[in-house]
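Listed below, chain by chain, are the residues.
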Amino acid sequence: MLKADIIICGAGIIGLTLARELVEAGYSDIIIFDKEDAPGYHASGRNSGVLHAGIYYDPGTLKAKMCLEGNRRMQAYCEEHSLPLLKTGKVIVTRTAAELDTLDELQRRATANGGTVEMIDAKQLAEIEPNARTVLRALHSPLTAVVDPKAILQSLRDELERSGKVRFLFGTRFLEAIGDTIRTSQGDMGYGLFINAAGAFSDRVAQSFGIAKKYRLLPFKGIYHVLKKPAADKIRGSIYPVPDIKNPFLGVHFTRSAHNDVYVGPTAIPAFGRENYGIFRGIDGELPEILLRDAQMFMHNRKFRGVALSEPRKYFFKYFFRDAEKLVKHVVPRDLLPSPKVGIRPQLVDIENRKLVMDFLVEKHKNTVHILNSISPAFTSSMYFAQLVLNKYILNG
């Protein structure tokens, strides 16, 4: 039986940054295992690469505390390791005058969170992002940047392997927990400390330890299109709509990637499986349970009901395009091409109260730590978030 002082389930951005913090704290016997054959195969490697700047989150939440400092640390990491980094900033535009109050609230939150934002008029917007359109005002975030998530994940893997203190086991699936042993598809493992960073499956892993029974993860699918030239040349950075701040989704937006492609998306369509990247691909035996949870949320949660009614129609191009065209002055349907880029956002739900869990959630149980809601801006926040988990739940837990 394999043994290690610390075993981490999940080789996404949270698992890797936690391992990095543990190594820096002096730990030297760490195993990271993952059911895939490389780090970040799911949410960590499929996100838009945007480093958020603390705009959307309620002051006092973990998201608000972690985001801005996480942004700074991730940018510094990219510069130190010569990884792709695009510092183009972001504008948040209004589609109707009714959104101006929410825009003001975003400015208030950003300022309270220590962020740098500026309320600008249409003339200033035209100087920053000429093709963006807005009603009266927009919010400019100069600290928003874009990175290559896969390059960061590979760099972290290389760094951990070079340390000689971390072993990776890929193609290894978590099966169940029995005392201080976990069963995996590659055999049993013993541990001193177990860290659950399993992303879309973190609720299942936690429940195998007898905790987090009132939580379930619901998957939401993000599909994208890519903007072809010369339309792509009219987008300098990122153009976002004012979101519904009662929900954790930011809406279809334009983003120039770290490699200078311009993506449009993502959606937030309720998915039929935790890895339902295609129409049918990724649907498994959990489908009836997911449909039941969706139905219960639809009946009892107005915010979820709004998402469930509006997002699925974006499978149809005309509805997807209708969202996109509201943000810019010049775009036509032929400018948007299909993209193979698809992501799944695993959103935690409190099934007792039938509410979406809006903040990061960490639970400690005996000699185990469980990261249960590592949703956006988890990638942005990860390097600072990992330090918080180390200090609060491991060193002082």
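So, how was this worked out
- Residues numbered from 1 in each chain as written.
- Predicted model: local features only at pLDDT ≥ 70, side-chain atom pairs only at ≥ 80, totals over all residues.
- Heavy atoms only, no water.
- UniProt positions renumbered as here; feature names shortened; annotations may be inferred.
- Helix = DSSP H or I, 4+ residues; strand = E, 2+ residues; numbered from the N terminus.
- Buried < 20%, exposed > 50% of the residue type's maximum accessible area, 1.4 Å probe, protein only.
- Polar contact = N/O pair within 3.5 Å; in protein donor to acceptor, adjacent residues only side chain to side chain.
- Contact = heavy atoms within 4.5 Å.
- Pairing = 2+ DSSP bridges.
- Arc of directions from axis to C-beta.
- Patch = residues over 30% accessible without salt bridge, like charges linked within 9 Å, V, L, I, M, F, W, Y side chains within 5 Å.
- Areas by Shrake-Rupley, 256 points an atom, 1.4 Å probe, with all protein chains shown as cover.
- Salt bridge = Lys/Arg side-chain N within 4 Å of Asp/Glu carboxyl O.
- Core = buried A, V, L, I, M, F, W, Y, C linked by side-chain atoms within 4.5 Å.

Under an unreviewed UniProt entry, the protein chain has the name L-2-hydroxyglutarate oxidase and belongs to Pseudodesulfovibrio cashew. The heading Cofactor (unreviewed entry) in the UniProt record of the protein chain holds the text "FAD". Comment text from UniProt for the protein chain, heading Sequence similarities (unreviewed entry), reads "Belongs to the L2HGDH family."

Visitor: I'm lost on the side chain of Asn247 in this one. Help?
Guide: Note that Asn247 resides in the loop between strand E14 (238-241) and strand E15 (253-256). With a relative accessible area of 10%, Asn247 lands in the buried category. There is a polar contact of 3.4 Å between the side chain of Asn247 and the backbone oxygen of Lys303. When residues no more than four places from it in sequence are discounted, the contact partners of Asn247 are Lys303, Val307, Leu356 and Met358.

Visitor: Help me understand the sheet that holds strand E8 (residues 145-147), please; the structure alone is not making it clear to me.
Guide: Sheet strands line up and pair through hydrogen bonds in the backbone, either parallel or antiparallel. Pairing within the open sheet is antiparallel, and its three strands lie in the order E3-E8-E4. Pairing within the sheet leaves two strands with one partner each, and these edge strands are strand E3 (50-51) and strand E4 (85-86). Pairing analysis gives two bridges linking E4 to E8, with the strands arranged antiparallel. Within E8, the position partnered with Leu86 by the bridge is Val146.

Visitor: Any chance you could explain helix H9 (residues 302-310) here in plain terms?
Guide: The periodicity of an α-helix, 3.6 residues per turn, causes residues three or four positions apart to be oriented the same way. Inspection of H9 places Phe304, Val307 and Ala308 among the buried residues, and these make up the whole buried set. For H9, the angular spread of buried residues about the axis comes to 95°, placing them on one side. Counted as exposed and oriented over 90 degrees from the buried face of H9: Arg302 and Leu309. The inward-facing, buried residues of H9 contact strand E13 (215-227), strand E17 (269-270) and helix H8 (287-300). Between the side-chain oxygen of the N-cap and the backbone nitrogen of Lys303 there are 3.1 Å, and the N-cap of H9 in question is Asn301.

Visitor: What am I meant to see in a nonpolar patch on the surface here?
Guide: A contiguous nonpolar patch, built from Phe272, Ile279, Phe280, Ile283, Leu291, Tyr315 and Phe316 and spanning about 720 Å² of accessible area, is present on the exposed surface. Turning to its location among the elements, Tyr315 is positioned in the loop between H9 and helix H10 (317-325).

Visitor: Got a minute to help me understand the pattern of salt bridges in this structure?
Guide: Pairing is possible between side chains that carry opposite charge, provided their charged atoms lie close to one another. Per the counting criterion, the structure on display carries 25 salt bridges. Note that Arg73 is salt-bridged to Glu69, the shortest N-O span being 3.0 Å. Of this pair, Arg73 and Glu69 are both found in helix H3 (residues 62-80), four residues apart, which corresponds to roughly one turn of the helix. A relative accessible area of 25% places Glu69 in the partly exposed class. Beyond isolated ion pairs, a larger network of salt bridges with shared partners links Asp203, Arg204, Arg216, Arg274, Glu286, Glu289 and Arg293.

Visitor: Whenever I open this one, the pairing of strand E21 (residues 368-371) confuses me. Can you help?
Guide: Here is the key point about a regular strand: its side chains alternate between the two faces of the sheet. Burial of E21 is two-sided: the residues Thr368 and His370 facing one way and the residues Val369 and Ile371 facing the other way are all buried. Note that strand E12 (residues 187-196) and E21 share three bridges and pair parallel. The residue of E21 that forms the bridge with Phe194 is Thr368. In this antiparallel pair of consecutive strands, strand E20 (residues 362-365) and E21, the connection spans two residues, and Lys366 shows a positive phi of 55°.

Visitor: Would you mind showing me how to read the nonpolar core here?
Guide: Nonpolar side chains tend toward joint burial in soluble globular proteins. Counting residues in hydrophobic clusters, the biggest one holds 42 residues, and the most contacted among them are Ile8, Ile32 and Ile152. Counting residues per element, this core draws most heavily on helix H11 (residues 378-395), at nine residues. Excluding residues that lie within four positions of it along the chain, Ile32 makes contacts with Ile8, Gly10, Ala11, Gly15, Leu16, Ala19, Leu160, Val166, Arg167, Phe168 and Leu169. By size, the runner-up hydrophobic cluster in this structure holds 22 residues, among which are Val91, Ile235, Ala324 and Leu327.

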